Amino acid sequence: MTGIVPLQTAAATPLQSAPALWAARRPEWWTLAISLAAWFILIASARDVGVPLCSSTPRSPWSDAAFGWMVMTLAMMPPLVVPSVRHVAFRSLRERRQFAIAEFLAGYLGLWLLVGVGMIGLSFAIGPVRSGTEARIVAIAAYGAAILWQFTPAKRRALWRCHRTVALALDGWRADFACLRYGVGAARDCVSSCWILMALPLLAPHSLAIMACVQAAMLAERYQRARHVRRARSIWLLCTAFLLDVY
């Protein structure tokens, strides 16, 4: 009997710790949960065919527009940095793993929110002068620029930089600073790659379906497995978003 009890206990332990083991192997789970929650907020706030806080002519005060940009950022950006989040998690001590991820996300999302301030200002500045035909012309120009940007060497270099990793200190203020700096650096590279795609919701009216197409285009180019950049999938998704938007 003395040999049976430890054997039964050892066999039961994996079943009892399965959720914890799953979370330990996938430390990015709550990063994706944030994105999913933000998408639910966008769906809940959608009216007619568009998302009011992501329209081409903001009708809300600055605070409402900033909140809309924040929700859109939380919905669309976290899925792009899953490899970076995993890098931070598995290069950090277990006892500070979640805190390290939070520091990385603070730097990453913080810079995107600052970028949003400038984009919202641009949207407010040009929004009142656009209506009817002018709005369609701006939308055509925005999508045309986004598609052309996909073929530029600058876009290719920016996309490559999005996959960079850095060494991280293990503990102390150096570890905190390294995670935060890595997040800011990842956001800088992401902004240089995706800036015009994230500007589309402010330059042209966007429904949730169009936002999903733009999100899929960013994911397709970020997670492609080809050694050389392949643009066909992201271009088709942007063309689909353009047709849904303009027509």
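Look up a bit, the structure's there.
Since the structure is predicted, the reported quantities are computational estimates derived from the model, not experimental observations. (Residues numbered from 1 in each chain as written. Predicted model: local features only at pLDDT ≥ 70, side-chain atom pairs only at ≥ 80, totals over all residues. Heavy atoms only, no water.)

> Any chance you could explain the layout of surface pockets here in plain terms?
Empty space among the atoms can be located by rolling a probe the size of a water molecule over them. There is about 190 Å³ of room inside the second largest pocket. Contributing to the lining of the second largest pocket are 14 residues, with Val166, Arg181, Tyr182, Gly185 and Ala186 lying nearest its centre. Element by element, the count of residues in the lining of the second largest pocket is highest for helix α9 (residues 172-203), at 7 residues. (1 Å grid on protein atoms, 1.4 Å probe; cavity = no way out; pocket = protein on both sides within 12 Å on 5 of 7 lines; lining within 4 Å. Points joined across faces, edges and corners; volume = space filled by probe spheres on them. Helix = DSSP H or I, 4+ residues; strand = E, 2+ residues; numbered from the N terminus.)

> Could you clarify how one ought to interpret the packing of aromatic side chains in this entry?
Each aromatic ring pair is characterised by the separation of its centres together with the angle its planes make. Tallied over the full model, the rule gives 4 aromatic pairs. Ring plane angle 10° and centroid distance 6.1 Å describe the contact between Phe104 and Tyr108, whose orientation is recorded as stacked. In this pair, Phe104 and Tyr108 are both assigned in helix α6 (residues 97-126), 4 residues apart and thus about one turn of the helix distant. Judged by its relative accessible area of 0%, Phe104 is buried. Between Tyr143 and Phe242 the ring centres are 5.5 Å apart and the planes differ by 65°, which places this aromatic pair in the edge-to-face class. Of this pair, Tyr143 sits in helix α7 (residues 133-149) while Phe242 is found in helix α11 (residues 232-246), placing the two residues 99 residues apart along the sequence. The same class applies to Tyr143 and to Phe242, which are both buried. Taken together, the ring pairs connect Phe104, Tyr108 and Tyr182 into an aromatic cluster. (Phe/Tyr/Trp six-rings, centres within 6.5 Å; stacked < 30°, edge-to-face > 60°. Buried < 20%, exposed > 50% of the residue type's maximum accessible area, 1.4 Å probe, protein only.)

> Would you take a moment to explain a nonpolar patch on the surface for this structure?
Nonpolar side chains collect at one region of the surface, where Ile41, Phe67, Met70 and Leu113 lie side by side and expose about 310 Å² of accessible area between them. Overall, the relative accessible area of 40% leaves Phe67 in the partly exposed class. (Patch = residues over 30% accessible without salt bridge, like charges linked within 9 Å, V, L, I, M, F, W, Y side chains within 5 Å. Areas by Shrake-Rupley, 256 points an atom, 1.4 Å probe, with all protein chains shown as cover. Salt bridge = Lys/Arg side-chain N within 4 Å of Asp/Glu carboxyl O.)

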